[in-house]
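Geometric and topological summary
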Amino acid sequence: MADVKHIAVLTSGGDAPGMNAAIRAVVRTGLANDLRVTGAVRGYRGLIEREFVEMGPTSVSNIIQTGGTILKTSRSDDFMKPEGRATAARNLEAEGIDAVVGIGGDGTFRGLIDLSREQGVRVVGVPGTIDNDITGTDNTIGFDTAVNTALESIDKIRDTAQSHDRVFFIEVMGRECGAIALEVGLSGGAEAIIVPEVPADVDETCDLLTRGKKRGKTSFIVIVAEGAYKGGAATFAKEVSDRIGVDYRVSILGHVQRGGSPTSFDRVIASLSGREAVNALLAGKNGQMVGVECGRVVLVPLEKAVAGRKTVDLELLKVAHIISQ
Ligand code: F6P
């Protein structure tokens, strides 16, 4: 067993529904093991600016169902520099903090790796991002909620698309990863899904809409991941319409996908992962991410989690294409 008595927990990068459930699990597991738990406010910025809050048992009451993060979050430029990380390490030592649990995405994990390697701080990461773009875990906390939030809007848009015989181009989040687009594309019955992993082809979408129209379809849903086309869904839609002249509208779902009450699935993986993060530190582990594989928590080296791009399941694209025609 490692000599861990006092841990810090922080959330960093884009927030994700379920982060609060993860914080709760870290705090309550820590306290159950007689650890002192401190929250760092606004992620790495809190470590540098020494903005810490004591996390007692009631500090995490009534948050399992809430979106956002009670610890707030930010993307800290200062922490990207060695001097910033040295200040953070000094502050952790001054507070008597032995280890850090960081909840976030790949940027957060890179920060944890540097903090551990360069400053000798013990760290564990918990994947929390709506993007589901982390290697070594089936799901990141927040992805399931974001997908369901987007899907609810897409279903509503389908109603009006059908009434007006329109083509709707719906932009969902995902600058470099098409995971949300693929999932909502298939589950929302989209006729076309444009993801960053596959070069976008305007002609192909034009053909698809033309063929669909010939078969009697009068309305269409095209899902575009935000990073899949230069200029986003608006530019893609215009180029399609310039070629084949369709009555279209563009809907950018945006940050609505980042908020809201987490689904049961996200709450469960957040709770399991938060608990495992503390257990891993107590067992003397360092530099690990708590991943989820086939519903079970696993430890994966943080280096592996940030190495390369997670491959999305392009099978979803094929299936969506076949069954939406
Ligand atoms: O990483 C999560 C995410 O929501 C991405 O899907 C999106 O591209 C980005 O954050 C948006 O970041 P910001 O909130 O800084 O605009």
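Everything that follows concerns the structure shown earlier in this document.
Not measured: the values here are computed from a predicted model.

Comments concerning the pattern of salt bridges
- Under the criterion given, the structure shown has 18 salt bridges.
- The salt bridge involving Arg258 is made with Asp15; its shortest N-O contact spans 2.7 Å. Placement of Arg258 in the loop between β9 (248-252) and α9 (264-282) and of Asp15 in the loop between β1 (6-11) and α1 (19-32) is noted, with a sequence separation of 243 residues between them. The exposure classification of Arg258 matches that of Asp15, with both residues buried.
- Among the ionic contacts, a cluster of salt bridges with common partners joins Arg85, Asp114 and Glu118.

Concerning unusual backbone geometry
- At Asn62, a position not held by glycine, the phi torsion is positive, near 60°.
- Topologically, Asn62 is positioned in the loop between β3 (52-54) and α3 (82-95).
- Within the chain, Lys72 stands out as a residue other than glycine whose phi angle is a positive 60°.
- Inspection of the secondary structure assignment puts Lys72 in the loop between β3 and α3.
- Here Lys72 falls in the partly exposed class, since its relative accessible area comes to 45%.

A look at the packing of aromatic side chains
- Here the structure, examined in full by the defined rule, presents four aromatic pairs.
- Geometrically, the ring pair formed by Tyr44 and Phe79 is stacked, given 3.9 Å between the ring centres and 5° between the ring planes. With Tyr44 in helix α2 (residues 44-49) and Phe79 in the loop between β3 and α3, this residue pair connects regions lying 35 residues apart in the sequence. This pair shows no difference in class: Tyr44 is buried, exactly as Phe79 is.
- Aromatic pair Phe169 and Phe236: ring centres 6.2 Å apart, planes at 70°, arrangement edge-to-face. With Phe169 in strand β6 (residues 167-172) and Phe236 in helix α8 (residues 232-244), the pair connects residues that are 67 residues apart, well separated along the chain.
- On the basis of relative accessible area, Phe169 is assigned to the buried category, the value being 0%.
- Through pairs of rings, three or more aromatic residues link up here, namely Phe169, Tyr229, Phe236 and Tyr248.

Regarding the packing of helix α6 (residues 179-187) against helix α11 (residues 315-323)
- The interhelical angle for the contact between α6 and α11, taken along N-to-C directions, is 25°, at an axis separation of 9 Å. Compared by their axis directions, α6 and α11 come out roughly parallel. When you trace α6 past α11, the crossing you get is left-handed. Across from Leu182, Glu183 and Leu186 in α6, the residues of α11 making contact are Leu316, Leu317, Val319, Ala320 and Ile323.

As for the side chain of Ser12
- Tracing the chain through its elements places Ser12 in the loop between β1 and α1.
- Leaving out residues up to four positions away in the same chain, Ser12 has contacts with Met19, Gly43, Tyr44, Thr73, Ser74, Ile103, Gly104, Gly105 and Thr108.

Side note on the site of the ligand
- In the vicinity of the ligand, the residues found are Arg75, Ile130, Asp131, Met173, Gly174, Arg175, Glu226, His255 and Arg258.
- One nitrogen or oxygen atom from the side chain of Glu226 is found 2.4 Å from an oxygen atom belonging to the ligand.
- Side-chain polar atom of His255 to an oxygen atom of the ligand: 2.9 Å apart, as the coordinates give it.
- Against a free-state accessible area of 400 Å², the protein chains account for coverage of 77% of the ligand.
- The cavity that encloses the ligand is the largest pocket.
- Across the shell around the ligand, the residue classes tally to two nonpolar, two polar and five charged.

Definitions and limits used
Throughout this document, residue positions are counted from 1 along each chain, in the order its sequence is written. Two thresholds apply to this predicted model, a pLDDT of at least 70 for residue-level local features and 80 or more for giving and counting side-chain atom pairs, whereas whole-chain, interface and lining totals are computed over all residues. Values reported for side chains reflect all heavy atoms of the structure, with hydrogen atoms and water molecules removed beforehand. Think of a salt bridge as a Lys or Arg side-chain nitrogen and an Asp or Glu carboxyl oxygen that are within 4 Å of each other. For the purposes of this entry, the term helix denotes a DSSP run of H or I that reaches at least four residues, the term strand denotes a run of E that reaches at least two, and both are numbered from the N terminus. Throughout, exposure labels follow a simple rule: accessible area from a 1.4 Å probe, protein chains only, divided by the maximum for the residue type, with under 20% read as buried, over 50% as exposed, and the rest as partly exposed. Any Phe, Tyr or Trp ring, taking Trp's six-membered ring, that has another such ring centre within 6.5 Å forms a pair; planes under 30 degrees apart are called stacked, those over 60 apart edge-to-face, and the others tilted. Axes here refer to lines fitted to C-alpha atoms; in helices the fit is confined to the stretch in contact. Angles between the N-to-C directions go from 0 to 180 degrees. If an angle is under 35 degrees, it is roughly parallel; if it is over 145, roughly antiparallel; if it lies from 65 to 115, roughly perpendicular; otherwise it is oblique. Each crossing gets its handedness from the near helix: less than a right angle anticlockwise from the far helix is left-handed, clockwise is right-handed. Residues are treated as being in contact if the distance between any of their heavy atoms lies within 4.5 Å. To be near a molecule or strand, a residue needs just one of its heavy atoms within 4 Å of it. Any N or O atom pair separated by 3.5 Å or less is treated as a polar contact, with the protein-specific requirement of one donor-capable and one acceptor-capable atom, and with residues adjacent in sequence counted only for side-chain atom pairs. Surface accessibility in these figures is a Shrake-Rupley result with a 1.4 Å probe; residues are shielded only by whichever protein chains are displayed. Grid spacing is 1 Å over the protein atoms alone, the probe is 1.4 Å, and a cavity is where that probe fits but cannot get out, while a pocket is an open set with protein on both sides within 12 Å along at least five of seven lines and lining residues have an atom within 4 Å of a point. Whether a molecule lies in a cavity or pocket depends on its atoms, and more than half of them have to be within 2 Å of the grid points. For this scheme, ten residues count as nonpolar: Ala, Val, Leu, Ile, Met, Phe, Trp, Tyr, Cys and Pro. Four count as charged, namely Asp, Glu, Lys and Arg, and the remainder, Gly too, count as polar.

So far we have only geometry, and geometry alone does not tell us how the molecule works.
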